Amino acid sequence: MRTRRQFLKDLAGGAAVLGSGALLPSLARAGDPSTVGPASLPAGTLEASFLETLPGKRPLIKRTYRPPNFETPLEVFEQLFTPNDAFFVRYHLPRIPEVSAARWKLEIGGDAVEKPFALDLPALQRDFEQVELAAVCQCSGNRRGLSDPHVAGVEWGIGAMGNARWKGARLKDVLAKAAPKKEALEVAFNGADHGSLEATPDFQKSLPVWKAMEENTLLVWQMNGEPLPHWNGAPVRLVVPGWTGTYWMKHLVSVQVLSQPFKNFWMSTAYRIPKGKFPIVDRFLSQETDANTPITEMVVNSLITSPREGQRFRPGQPVEVKGIAWDNGAGIRTVEVSADEGRSWQTATLDADSGRFSFRGFRHRFKAGAKGEVTVLAKATNRIGSSQVSELVFNPAGYHNNVVSRVRIRVG
Ligand SMILES: Nc1nc2c(c(=O)[nH]1)N[C@H]1C(S)=C(S)[C@@H](COP(=O)(O)O)O[C@H]1N2
Ligand SMILES: [Mo]
């Protein structure tokens, strides 16, 4: 067991650049075990998980301290948009400087541009059209802790995701100013955070140039109408709607347009899925190998927020099923709900559409039957006919868990 003192020591080491210690989390509000994740998380994960407060955040589910990995509790997803102080936090490396918005500079270059240049925040806000869109940021490893068998990595429950309104400039407009050459193949991104050891590969990621140039790929400085919180990438982060969180580089400091595939640990080894196992629309061809391919878009998924696991109802009492569904940006077409283990399905009512990259709320009401245990299932289907799976598609990194959502309630 790591002690509080050890933790503070580690964190102080990691955050030495902060000086003030302003970003130390306040310890420790032990959580009600039922709030820190589903019972099927690996042995030890639940015991080591508490609700704890990073500066500027409300209590979130701590999965690891260093680097900070904090998950959003289930009840927050009763709201369509995830408040900034409840938005999950995911880092790979422990040294996370507080980047000053006033001094922030973004370097734009690479071998596949004619005119490299640097940009500050006023220029990003003034010289390019500002757009705002709703989009889900979901970690590739969301629900990894529910993998069966369990796999290594941060043992996330259901809350390594969030939905926000993001505002900023289009990456393609900024890149146009650098005059990309026609041999541009990928665009690589670096953030201000790094490891404590020279040997730790820095967290840098690339996108295929076509995705970087899409009109919804943004350099954002605002989240839900506020400046980005430190822990979610201040002052500027990349937003890649439809694709998993790994590409959404925080504390962005460098954008490089490249004529060759970008190779590092985070591209070539991590964040890969076996080929042919998932329904992929967006392929990252310059990074594919015979065996595997980078994870790209999210798979269609849903989460039941009500009723809760184990909730009790009286026979005949109405049960209001509520939740959210999301996908790669094709858009949610239907959510079906079953109250009989999947023998029959009813179509749920979809709430208002906040855009194809946003969470989509759904609801359905049924009457609790006779005494006993009832399994409530929800299954989302998107506009290109992709549905949640009934059996886990196992893969060694525990990505893309979109098994039909399931909650058991008790009648009687
Ligand atoms: N600079 C930086 N950006 C990063 C990461 C990181 O470790 N460092 N992690 C990525 C991953 S894997 C995810 S899932 C998202 C999480 O975004 P959030 O912490 O704002 O929730 O940030 C991405 N951007
Ligand atoms: Mo992630």
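Residue indices begin from 1 for each chain and proceed along its sequence in written order. As a convention, the first chain written is A and the first ligand written is 1, with the rest following in written order. Only residues with pLDDT of at least 70 get local features here, since the model is predicted, and only at 80 or more are side-chain atom pairs given and counted; chain-wide, interface and lining totals rely on the full set of residues. Computation of side-chain values covers all heavy atoms of the structure but excludes hydrogens and water.

Side chains of strand S7 (residues 117-120) alternate between two faces, with Phe117 and Leu119 buried and Ala118 and Asp120 left unburied. Any two strands are treated as partners once DSSP identifies two or more bridges connecting them. A run of H or I in DSSP becomes a helix once it reaches four residues, and a run of E becomes a strand once it reaches two; helices and strands are each numbered from the N terminus. Examined bridge by bridge, strand S6 (residues 105-109) and S7 share four bridges and lie antiparallel to one another. Directly across from Ile108, in S7, lies its bridge partner Phe117. Burial classification: accessible surface area is computed with a 1.4 Å probe over protein chains only, and a residue below 20% of its type maximum counts as buried, one above 50% as exposed, and the rest as partly exposed.

In this section: the domain arrangement of the protein chain. Considered domain by domain, the protein chain is made up of domain 1 (4-86), domain 2 (105-294) and domain 3 (301-411). We call two residues contacting when some pair of their heavy atoms lies within 4.5 Å. Between domain 1 and domain 2, the contact holds 23 residues from the first and 25 residues from the second. Joining two parts hides part of their accessible area as seen by a 1.4 Å probe, and the buried area is that hidden amount summed over both. Between domain 1 and domain 2, the buried area comes to about 2000 Å², and carbon and sulfur atoms account for 63% of it. Of all residues in domain 1, Glu71, Phe81 and Asn84 give up the largest surface area on contact with domain 2, accounting jointly for 30% of the area buried on that side. Note on definitions: salt bridges are taken to be side-chain nitrogens of Lys or Arg within 4 Å of carboxyl oxygens of Asp or Glu. In this assembly, domain 1 and domain 2 are joined by zero salt bridges. In the analysis that follows, any N or O atom pair within 3.5 Å is treated as a polar contact, provided that within protein one partner can donate a hydrogen and the other can accept it, and provided that, for residues neighboring in sequence, both atoms belong to side chains. Taken together, the links from domain 1 to domain 2 amount to twelve residue pairs in polar contact (both at pLDDT 80 or more). When residues of the side of domain 1 that touches domain 2 are assigned to their parent elements, the largest contribution, three residues, is made by strand S4 (residues 69-71). Just so you know the grouping, Ala, Val, Leu, Ile, Met, Phe, Trp, Tyr, Cys and Pro go in nonpolar, Asp, Glu, Lys and Arg go in charged, and all remaining residues, Gly too, go in polar. Partitioning the side of domain 1 that touches domain 2 into residue classes produces 13 nonpolar, six polar and four charged. Note that the domain bounds reflect an automated or database-derived domain assignment.

Further remarks concern the nonpolar core. Considering soluble globular proteins, one finds that nonpolar side chains tend to be buried as a cluster. Formed by 68 residues in total, the largest nonpolar core has its most connected members in Leu124 and Trp166. Per-element tally for this core: the top contributor is strand S12 (residues 218-223), with five residues. Two domains each provide a minimum of three residues to this core, namely domain 2 (105-294) and domain 3 (301-411). Put simply, a nonpolar core is a bunch of buried Ala, Val, Leu, Ile, Met, Phe, Trp, Tyr and Cys residues held in one set by side-chain atoms that sit within 4.5 Å of each other. Counting residues in each nonpolar core, the second largest holds 20 residues, with Ile304, Val335, Val376 and Ile409 among its members.

Aromatic rings from Phe, Tyr and Trp, with only the six-membered ring used for Trp, were paired whenever their centres fell within 6.5 Å, and each pair was classed as stacked if the ring planes differed by under 30 degrees, edge-to-face if by over 60, and tilted otherwise. Overall, the coordinates contain 13 aromatic pairs when judged by the stated rule. With 4.9 Å between their ring centres and 85° between their planes, Phe265 and Trp266 make a pair best called edge-to-face. Phe265 gets classed as partly exposed once you look at its relative accessible area, which sits at 37%. Cluster of aromatic residues (ring-pair linked, three or more members): Phe87, Phe88, Trp156, Trp166 and Trp248. In this scheme, Lys NZ or Arg CZ marks a charge over a ring once it lies within 6 Å of the ring centre and within 35 degrees of the ring normal. Positioned over the ring face of Phe81 is Arg165, at 3.8 Å from the centre of the ring.

What follows concerns the state of the cysteines. Counting rule for disulfides: a pair of cysteine sulfur atoms within 2.5 Å. Following the criterion strictly, the structure yields zero disulfides and no others. Unpaired in terms of disulfides, Cys137 finds its nearest cysteine sulfur in Cys139, a separation of 8.0 Å. Under the relative-accessibility criterion, Cys139 is labelled buried at 8%.

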